[in-house]
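One-letter residues, chain by chain:
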Amino acid sequence: MNGQSQTSSSAWLVVALLVPVALLNYLDRQMLAAMKFSVMQDIPSNGLEANWGKILALFKWVYAFLSPIGGYIADRYSRRHVIAGSLFVWSVVTWMTGHVTSYEQLLAARALMGVSEAFYIPAALALIADFHRGPTRSRAIGAHQMGIYSGVIIGGFSGYLADNPAFGWRRAFDVCGLVGILYALPLMLLIRNPARQVSGENQPAITPLGALRELLSNGSFILLVLYFTLPALAGWVVRDWMPAILKSEFHIGQGKAGVSATIFWQGAAIFGAVFGGWLADRWMRRNERGRIFVSAIGMGLIIPAMFGVGYSPQTGALWVAIAFLLVFGIGWGFFDCNNMPILCQIARPELRSTGYGLMNLVSISCGGLADWGFGIMRDHKVPLHLIFGVFASAAVISVVLVLLIRPRKNLEQGA
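Residues numbered from 1 in each chain as written. Predicted model: local features only at pLDDT ≥ 70, side-chain atom pairs only at ≥ 80, totals over all residues. Heavy atoms only, no water.

Novice: Got a sec to walk through the overall build of the protein chain? Specific residues and values, please.
Specialist: For the protein chain, the count of helices and strands is 18 helices and zero strands. A globule of 415 residues ought to have a C-alpha radius of gyration of about 22 Å, and the protein chain, at 20 Å, matches this closely. Taken over the C-alpha atoms alone, the protein chain extends approximately 60 × 45 × 35 Å along its principal axes. Sequence separation of 24 or more characterises 87% of the internal contacts of the protein chain that already satisfy a separation of 6 or more. Of the roughly 15400 Å² that the protein chain leaves accessible, carbon and sulfur atoms contribute 69%. Here the protein chain holds 31 positive side-chain charges and 20 negative ones, and the gap between their average locations is 7 Å. (Helix = DSSP H or I, 4+ residues; strand = E, 2+ residues; numbered from the N terminus. Rg over C-alpha atoms; globule rule 2.2 N^0.38 Å. Contact = heavy atoms within 4.5 Å. Areas by Shrake-Rupley, 256 points an atom, 1.4 Å probe, with all protein chains shown as cover. Lys, Arg positive; Asp, Glu negative; His and termini not counted. Charge placed at Lys NZ, Arg CZ, Asp CG, Glu CD.)

Right under this line is the structure:
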């Protein structure tokens, strides 16, 4: 392949094949948040919000720790095998989750889910970036992220399934696990690795320490890690806790809360990813910082959205919370579709999966602390507007960080 974006059917086929995988990746996570009350009624946890936060956090910490390892393996070996293997294993774990009988087993299942899912996102985004160079990269990443948002939306409806005595939360995990297991084999047969890109530099074989040293000595990469992390504090809490927040603050049913907490902002995120990807690719024709600018605009939308979400319970109107979640979703889509493309502008092709894995390590570790801390603060009755005000302040810092990133000129062509 040359330096231009590979816009052939094979490049977009990769995206089409991975969208269902991304959907399952986040559906299997989101179901637990939407079915919280049914799960914990069936599996008691001493009634503490902090214990539920521990379940959410443990998944993230395991996932975060293994993300750089999964990324390095994908950079050194076959991204195709890493992707298909990850899907198969986490689908088995999803099925197992429907059969746990104690709080300790649920904790263990979420930890295993973190192990298996950690290998997917860095490998998948790097594979898409390998196929889509330059003019279509943000759009292709945005299309993949649509699968993630759709998985969260569908997961939001699982609260209704959990409330239905004829179905229940356990069967939901059974079905999703079996679907993923069945999809793993055709995915392995259909997906392909492209000819492996090289940066054109005379570089020795990459060792784990060498990859770590090169990335951590890159000032723009450090800025991107911080930029990637601060909004995730809000993102994970919105994704994991919003169903419970809406249920308790607006006194609505578990099913309605799960749908209201996901379908609106995730639907807005789909729009944001599609439009933001198109805008970023178009802006890049005129300015090498186009993707950075679009991402910063998205962060600018997230700031007022966080203040609004925190304040909405004081209005007593569910539509106010939903309105601000819509703004949050558009901003998140702008942000999410450009993280890997920006990474491609500052790190060599051989380090993309590893770099994204490191970004996940820091971001999701902090997200786990945010989930756990949020549960503790809820137990101590800290007002929501104060909690989300902190998240909004972190987003302000993020705008400054992303604007300080400087793309590398030698990576602009054929990147």
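Once the structure has been displayed, the description carries forward.
Novice: Tell me about the packing of aromatic side chains, residues and numbers included.
Specialist: For the structure shown, the criterion picks out 16 aromatic pairs. Here the aromatic rings of tryptophan 169 and phenylalanine 173 are separated by 6.0 Å at their centres, their planes lie at 85°, and the arrangement is edge-to-face. Note that tryptophan 169 and phenylalanine 173 are positioned in helix α9 (residues 168-190) at a spacing of four residues, about one turn of the helix. With respect to class, tryptophan 169 is no different from phenylalanine 173; both count as buried. Ring pairing ties together the aromatic residues Tyr227, Phe228, Trp265, Phe328, Trp332, Phe335 and Tyr356, which thus form one cluster. Sitting over the ring of phenylalanine 59, arginine 110 keeps its end group 5.3 Å from the ring centre. Above the ring of phenylalanine 37, the side-chain terminus of lysine 247 is found at 4.5 Å from the ring centroid. (Phe/Tyr/Trp six-rings, centres within 6.5 Å; stacked < 30°, edge-to-face > 60°. Buried < 20%, exposed > 50% of the residue type's maximum accessible area, 1.4 Å probe, protein only. Lys NZ or Arg CZ within 6 Å of the ring centre and 35° of its normal.)

Novice: Go over the state of the cysteines, please, and point to the residues and values.
Specialist: Enumeration over the complete set of coordinates arrives at zero disulfides. Cysteine cysteine 344 remains unbridged, with the sulfur of cysteine 337 as its closest cysteine sulfur at 13 Å. (Disulfide = S-S within 2.5 Å.)

Novice: So what about the environment of isoleucine 263? Which residues, and what values?
Specialist: Mapped onto the secondary structure, isoleucine 263 falls in helix α13 (residues 263-284). With relative accessibility at 29%, the residue isoleucine 263 sits in the partly exposed group. Setting aside its immediate chain neighbours within four residues, isoleucine 263 contacts Ile153 and Phe157.

Novice: Describe in detail a nonpolar patch on the surface, supporting the description with residues and values.
Specialist: The grouping of Trp95, Met96, Leu112, Val115 and Leu178 at the surface amounts to a nonpolar patch, some 420 Å² of accessible area in total. Going through the elements one at a time, α4 (79-97) and α5 (103-117) are the ones with two or more residues in the nonpolar patch. Taking the relative accessible area as the measure of exposure, leucine 112 reaches 41% and is therefore partly exposed. (Patch = residues over 30% accessible without salt bridge, like charges linked within 9 Å, V, L, I, M, F, W, Y side chains within 5 Å. Salt bridge = Lys/Arg side-chain N within 4 Å of Asp/Glu carboxyl O.)

Everything listed is a geometric property; what it means functionally is a separate question.
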